[in-house]
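A look at the structure
Now for the letters of each chain:
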2 protein chains.
Amino acid sequence: MKTRIAIYGYGNLGRGVEAAIAQNDDLELVAVFTRRDPAALTLCTPGVPVLPAEQAEQHRDDVDVMILCGGSATDLPHQTPQLAGLFHVVDSFDTHARIPAHFAATDAASRAAGKISLISCGWDPGLFSLARVYASAVLPQGKDETFWGRGVSQGHSDAIRRIEGVVDARQYTVPIPAAVDAVRRGEQPVLTARDKHLRECWVVAAEGADRDRIEREIKTMPYYFDEYDTTVHFISAEELARDHAGLPHGGSVLRSGVTGWDGANKHTVEFSLRLDSNPEFTGSVLAACARAVHRMAQAGMTGCKTILDVPPAYLSPLSGEELRAHLL
Amino acid sequence: MKTRIAIYGYGNLGRGVEAAIAQNDDLELVAVFTRRDPAALTLCTPGVPVLPAEQAEQHRDDVDVMILCGGSATDLPHQTPQLAGLFHVVDSFDTHARIPAHFAATDAASRAAGKISLISCGWDPGLFSLARVYASAVLPQGKDETFWGRGVSQGHSDAIRRIEGVVDARQYTVPIPAAVDAVRRGEQPVLTARDKHLRECWVVAAEGADRDRIEREIKTMPYYFDEYDTTVHFISAEELARDHAGLPHGGSVLRSGVTGWDGANKHTVEFSLRLDSNPEFTGSVLAACARAVHRMAQAGMTGCKTILDVPPAYLSPLSGEELRAHLL
């Protein structure tokens with residue numbers, strides 16, 4: 001019997017989840033819910049209904065796990081608690097500073113409904129969080145650094161697009177190799193934002209727009225760019241479409257620490273991702289998490305959890321015997 | 001109230017566990033059990049009793065978790081099931097092929113006693129197993145490779161020492177960079193044992209011993225060396241002590257896989273360790289696992305588990321709230 005999964009929100013991430021479900025024999029996509037006109041969507045999976053978001057409640061008994069694929073800025077803060085009162089849910093809420101509030105709201109809804117929810121499942125938060133927790137538990141006398149990229153930051157690209165005279169933009173976050181290497185060698189350097197990452201911007205300006213002003217507005221934008229060395233390249237819409245259509249990303253979590261009575265022995269733990277497609281990889285994490293949620297629900301667990309609460313074996317389609325024999 | 005830990009077996013690994021416990025405020029070493037003469041051992045931790053192994057049972061109520069620090073070849077196969085009938089236990093059993101049998105024996109003993117046991121906790125098996133399970137769950141259409149080293153293999157060093165005319169030896173397992181890089185690029189190459197690792201041997205020969213014969217016996221030794229390119233260097237006992245006293249190790253687990261409907265997008269997940277001291281790092285993993293075992297016992301769990309069954313948060317001294325706010 002396959003785990004019946006529904007997708008709520010069908011953008012890049014929803015399509016990534018759909019493709020991931022197709023790679024897993026024990027998972028089955030049973031519906032996609034959308035706030036757009038369902039007739040306007042064509043899924044890649046044959047025979048799966050596209051339904052209006054407001055009909056979700058009518059399908060409570062047909063769905064084992066609902067995967068929420070909305071955005072963290074405006075969708076998930078209300079969608080996850082709302083749907084957590086109806087379904088076992090998984091989301092990829094990634095605004096780190098707001099996780100405690102999102103957890104509290106979702107936990108209350110899940111508990112009231114006797115359901116389980118798993119929030120902030122992706123790669124950061126998600127797999128990177130796991131790397132930080134494992135490495136810090138094993139090396140308590142140590143220091144973490146997380147580097148992101150080289151990859152497209154949607155938030156920074158959006159911020160550039162909001163500048164007057166900008167037609168389109170892509171922003172790459174680029175880790176600085178000297179900083180990564182120093183951390184990797186266990187030197188525990190003190191690093192500013194500027195020391196760790198560059199920001200590289202590819203911008204399509206409107207005809208006649210003041211490029212000097214656009215560049216200045218980007219480079220001085222508080223929080224997003226002013227603390228970084230930023231390069232701005234103006235290109236045509238055709239060049240942007242040709243050279244910057246993908247959504248690659250990745251990064252590294254590094255922890256270096258010492259052991260022994262004199263702290264003489266150094267150790268470095270590194271977890272790195274190189275991703276051609278951020279939404280497809282994130283969708284793949286969400287699909288594995290949906291499997292885990294279904295198992296945790298069957299084990300009688302309720303309330304909101306994060307991937308830090310999930311026994312790793314629950315994410316795998318293999319049995320305990322198979323895991324011990326082949327992957328342990 | 002600290003978690004009261006005892007160490008069973010006080011060699012390199014036991015000393016590593018002792019040093020790790022001292023780095024964790026919530027853990028406390030309460031006893032070391034040894035099969036040697038207790039009077040002959042001097043601990044680094046002041047005030048902790050060294051007791052004869054056969055007295056362990058008398059201290060059942062004084063110990064929350066017993067960490068077994070014997071060897072996988074002859075000690076743990078009988079010690080773990082035996083002590084699992086008396087204590088919540090953790091071991092680092094690392095003979096991969098015998099894990100299912102070791103699990104079965106330990107599980108039976110733990111269940112009969114209403115205790116919990118956690119076997120095969122170190123870095124491989126252990127953290128590397130976690131990397132394999134997470135990466136394969138997220139990228140089901142992919143391929144794993146594990147590389148070990150550069151580091152000292154105790155098993156291979158021991159195998160050389162058993163050759164007639166060898167006084168002492170150190171064997172380094174060395175990953176071959178071209179193979180690592182091809183895997184890292186997602187090429188999924190087909191690799192033989194010889195393609196993946198070199199074996200580098202530093203040998204102290206007895207005076208008058210036939211070095212050509214020793215070198216030949218090493219290089220043709222079935223399973224240990226015959227499937228690898230092996231170099232043999234003869235050095236003096238002084239040089240061995242001066243240049244090869246440490247027990248560094250490490251390695252990488254890499255998985256590359258594809259996502260999307262056409263499998264066009266490639267992803268690589270990499271987990272790497274660089275360790276100055278294999279026994280101290282392994283001891284640090286065992287200490288974190290002892291914390292998890294104590295929590296799992298308090299949650300009422302019984303029977304044998306592996307790190308694949310442990311919710312990651314159980315390994316950390318931080319609360320769920322702290323983890324969500326700072327590490328997620």
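Here the structure is a predicted model, which is why all the values come from computation and not from measurement.

Each helix and strand counted, chain A has eleven helices and 14 strands in total. Over its C-alpha atoms chain A spans a radius of gyration of 22 Å, differing by no more than 12% from the 20 Å that the globule rule assigns to 328 residues. Each principal axis of the C-alpha atoms in chain A carries an extent, and together these give about 65 × 55 × 35 Å. A sequence separation of at least 24 residues applies to 68% of the contacts in chain A between residues at least 6 apart.

A common way to state how big an interface is: give the accessible area lost once the parts meet. With 68 residues of chain A in contact, the opposing surface of chain B contributes 69 residues. Around 5,900 Å² of area is buried between chain A and chain B when both sides are counted, 64% of it from carbon and sulfur atoms. Interface area lost by chain A to chain B is led by A:Gln23, A:Trp261 and A:Leu328, which between them contribute 15%. Summed over the shared surface of chain A and chain B, the number is two salt bridges. Linking A:Glu270 and B:Arg274 is a salt bridge whose minimum nitrogen-to-oxygen distance equals 3.0 Å. Between the two partners, chain A and chain B, sit 28 residue pairs in polar contact (both at pLDDT 80 or more). Elements that contribute at least two residues to the side of chain A that touches chain B include exactly α1 (12-22), α3 (99-113), α4 (127-138), β12 (249-259), β13 (265-275), α10 (278-298) and α11 (320-326) of chain A. The element best represented in the side of chain A that touches chain B is β13(A), accounting for eleven residues. Of the residues assigned to the side of chain A that touches chain B, the class counts are 36 nonpolar, 19 polar and 13 charged. Strand direction decides the pairing type here: β13(A) and strand β13 (residues 265-275) of chain B, joined by nine bridges, are antiparallel. Counterpart to A:Ser272 in the pairing with β13(B) is B:Glu270.

To continue, consider the pattern of salt bridges. The final tally for this structure, using the stated rule, is 42 salt bridges over all chains. Here B:Asp243 makes a salt bridge to B:Arg242, at a shortest N to O gap of 2.8 Å. Take B:Asp243: its relative accessible area is 42%, and that puts it in the partly exposed class. Each of the salt bridges in this network shares a partner with another, and the network as a whole consists of A:Asp181, A:Arg184, A:Glu270 and B:Arg274.

Further remarks concern the packing of aromatic side chains. Residue and element names in this part refer to chain A. What the rule picks out here adds up to nine aromatic pairs over all chains. Relative to phenylalanine 33, the ring of tyrosine 8 has its centre 6.4 Å away and its plane inclined at 35°; by these criteria the two rings are tilted. Residue tyrosine 8 is found in strand β1 (residues 3-8), and its partner phenylalanine 33 is found in strand β2 (residues 27-34); the two are separated by 25 residues along the sequence. Residue class for tyrosine 8 comes out buried when judged on its relative accessible area of 7%.

Quick notes on the rules
Residues numbered from 1 in each chain as written. Chains lettered and ligands numbered in written order. Predicted model: local features only at pLDDT ≥ 70, side-chain atom pairs only at ≥ 80, totals over all residues. Heavy atoms only, no water. Helix = DSSP H or I, 4+ residues; strand = E, 2+ residues; numbered from the N terminus. Rg over C-alpha atoms; globule rule 2.2 N^0.38 Å. Contact = heavy atoms within 4.5 Å. Buried area = accessible area lost by both parts, 1.4 Å probe. Salt bridge = Lys/Arg side-chain N within 4 Å of Asp/Glu carboxyl O. Polar contact = N/O pair within 3.5 Å; in protein donor to acceptor, adjacent residues only side chain to side chain. Nonpolar A, V, L, I, M, F, W, Y, C, P; charged D, E, K, R; others polar. Pairing = 2+ DSSP bridges. Buried < 20%, exposed > 50% of the residue type's maximum accessible area, 1.4 Å probe, protein only. Phe/Tyr/Trp six-rings, centres within 6.5 Å; stacked < 30°, edge-to-face > 60°.

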